[in-house]
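# Coordinate analysis (summary)
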Amino acid sequence: DQQVKQNSPSLSVQEGRISILNCDYTNSMFDYFLWYKKYPAEGPTFLISISSIKDKNEDGRFTVFLNKSAKHLSLHIVPSQPGDSAVYFCAARATTSGTYKYIFGTGTRLKVLA
Amino acid sequence: DTEVTQTPKHLVMGMTNKKSLKCEQHMGHRAMYWYKQKAKKPPELMFVYSYEKLSINESVPSRFSPECPNSSLLNLHLHALQPEDSALYLCASSQVAGSLYGYTFGSGTRLTVV
């Protein structure tokens, strides 16, 4: 039962263009969302976050949008650079026995073409 | 020091072996985690330690035994594993459990059970 899904396993974008990565979730109790980037042979690195009470958060080239009614969030990267090529995971925060935890999405492999 | 260090990076073990994975951080983080990641799948949470106490066990089989000797160290003891346990094991830490600032992940231990 995958509560956080990224329906596009892969995405190719030309350098300089916009990359849009999507994430859907099923649990309306998730209160915080993160995006991570993962290079091969490395652990995920935190990119950007958004609270469920916001609909947009921006940090440099990265913007995350949240549509609570649709249970959908997206990560926009503008302009895309070859160094952005990696696997991107969204993660949603839930609680178990009073302790917070993050549930990861299935990941989207982004390839930025030079 | 802003890293999470995992050792060993690679481990091959037989089904009757006992081995341990180690994780260390010196960022003063009070929450530490073990995740398991299979190929082309998202990281799956196994255990959460908060202030050196086990807070979440995601119904992990008893052949995996976590240990948090102090606030900087996290171990995962392995015994009588199965070939299907072969995966990348990721350790992570955060200021507190479910931190809004994301987790710092280690590079992982690639485990192969033969």
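Everything below is about the structure printed above this text.
This write-up is about the structure you can find in this document. Numbering of residues starts from 1 in each chain and follows the order in which that chain's sequence is written. Chains and ligands are labelled sequentially in the order written, the chains with letters from A and the ligands with numbers from 1. With the structure being a predicted model, the display of local features is reserved for residues of pLDDT at least 70 and the display and counting of side-chain atom pairs for 80 or more, all residues being used for whole-chain, interface and lining totals. Only heavy atoms go into the side-chain values, all of them from the structure, while hydrogens and water stay out.

## Overview of the nonpolar core
Within the largest apolar cluster, 25 residues are counted, with the highest numbers of intra-cluster contacts made by Phe30, Phe33, Trp35, Leu73, Leu75 and Tyr88 of chain A. Going along the chain from the N terminus, every DSSP run of H or I of four or more residues is numbered as a helix, and every run of E of two or more is numbered as a strand. When residues of this core are traced back to their parent elements, those giving at least two are strand S3 (19–25), strand S4 (32–38), strand S5 (45–51), strand S7 (62–67), strand S8 (72–77), strand S9 (86–96) and strand S11 (108–113) of chain A. In terms of residue count, the dominant contributor to this core is S9 of chain A (5 residues). In contact with Phe30 of chain A, other than residues within four places in its own chain, are Gln3, Val4, Tyr25, Ser52, Ala92, Arg93, Ala94 and Ile103 of chain A. Among the nonpolar cores identified, the runner-up in size contains 22 residues, and Val4, Leu78, Tyr89 and Val113 of chain B belong to it. The nonpolar core is taken to be a set of buried Ala, Val, Leu, Ile, Met, Phe, Trp, Tyr and Cys residues, with the residues joined through side-chain atoms within 4.5 Å. The rule is simple: take the accessible area with a 1.4 Å probe, protein chains only, and divide by the maximum for that residue type; under 20% is buried, over 50% is exposed, in between is partly exposed. Any pair of residues with heavy atoms lying within 4.5 Å of one another is described as a contacting pair.

## Some remarks on the interface of chain A and chain B
Counting residues at the interface gives 21 residues for chain A and 22 residues for chain B. The junction of chain A with chain B conceals about 1700 Å² of combined surface from both sides, 62% of it contributed by carbon and sulfur atoms. When two components associate, each loses some accessible surface as probed by a 1.4 Å sphere; the sum of these losses over both components is called the buried area. Contact with chain B buries surface across chain A, with Lys101, Tyr102 and Phe104 of chain A losing the most and accounting together for 28% of the total. Salt bridge criterion: a side-chain nitrogen from Lys or Arg within 4 Å of a carboxyl oxygen from Asp or Glu. Across the chain A-chain B interface, the total number found is 1 salt bridge. Note that Lys101 of chain A and Glu58 of chain B form a salt bridge whose closest N and O atoms lie 2.6 Å from each other. Any pair of N or O atoms that falls within 3.5 Å is considered a polar contact. Within protein, one atom must be able to donate a hydrogen and the other to accept it, and sequence-neighbouring residues count only if both atoms are side-chain atoms. Counting across the interface, chain A meets chain B through 6 residue pairs in polar contact (both at pLDDT 80 or more). Top element by residues in the side of chain A that touches chain B is strand S10 (residues 99–104) of chain A. It accounts for 5 residues.

## Comments concerning the environment of Gln82 of chain B
Residue and element names in this part refer to chain B. Turning to its location among the elements, Gln82 is positioned in the loop between strand S8 (73–79) and strand S9 (87–94). Expressed as a C-alpha distance, the spacing of Gln82 and Met15, which sit 67 residues apart in the sequence, is 5.9 Å. Discounting chain neighbours no more than four positions away, the residues touching Gln82 are Met15, Arg63 and Val113.

## Let's talk about unusual backbone geometry
With an omega of -10 degrees, the peptide bond running from Val78 of chain A to Pro79 of chain A counts as cis. With respect to the secondary-structure elements, Pro79 of chain A resides in the loop between S8 and S9. The omega torsion across Thr7 of chain B and Pro8 of chain B is -10 degrees, close enough to zero to call that bond cis. Even without being a glycine, Ser97 of chain A presents a positive backbone phi close to 55 degrees. With respect to the helices and strands, the residue Ser97 of chain A is situated in the loop between S9 and S10. The class for Ser97 of chain A is exposed, based on a relative accessible area of 71%. Non-glycine residue Tyr51 of chain B carries a positive phi angle of around 50 degrees.

## Observations concerning the pattern of salt bridges
Counting across every chain of the model gives 6 salt bridges over all chains. Look at the salt bridges and you will find they share partners, linking Lys36, Arg63 and Asp85 of chain B into a network.

## Considerations on the side chain of Ser72 of chain B
Residue and element names in this part refer to chain B. Note that Ser72 resides in the loop between strand S7 (64–70) and S8. Assessed through its relative accessible area of 18%, Ser72 is described here as buried. When sequence neighbours within four positions are dropped, the list of residues in contact with Ser72 reads Cys23, Glu24, Gln25, His26 and Met32.

## Regarding a nonpolar patch on the surface
All names here are of chain A. Exposure above 30% relative accessible area and no salt bridge define the residues that can form patches, which grow by joining like charges within 9 Å and nonpolar side chains of Val, Leu, Ile, Met, Phe, Trp and Tyr within 5 Å. For every accessible area listed, the method is Shrake-Rupley and the probe measures 1.4 Å; residues are considered covered only by the protein chains on display. Residues Ile18, Ile20 and Val78 make up a contiguous nonpolar surface patch of roughly 230 Å² in combined accessible area. Position of Ile20 among the secondary structure elements: in strand S3. Ile20 sits in the partly exposed class, given a relative accessible area of 37%.

This is a description of form; function is not addressed.
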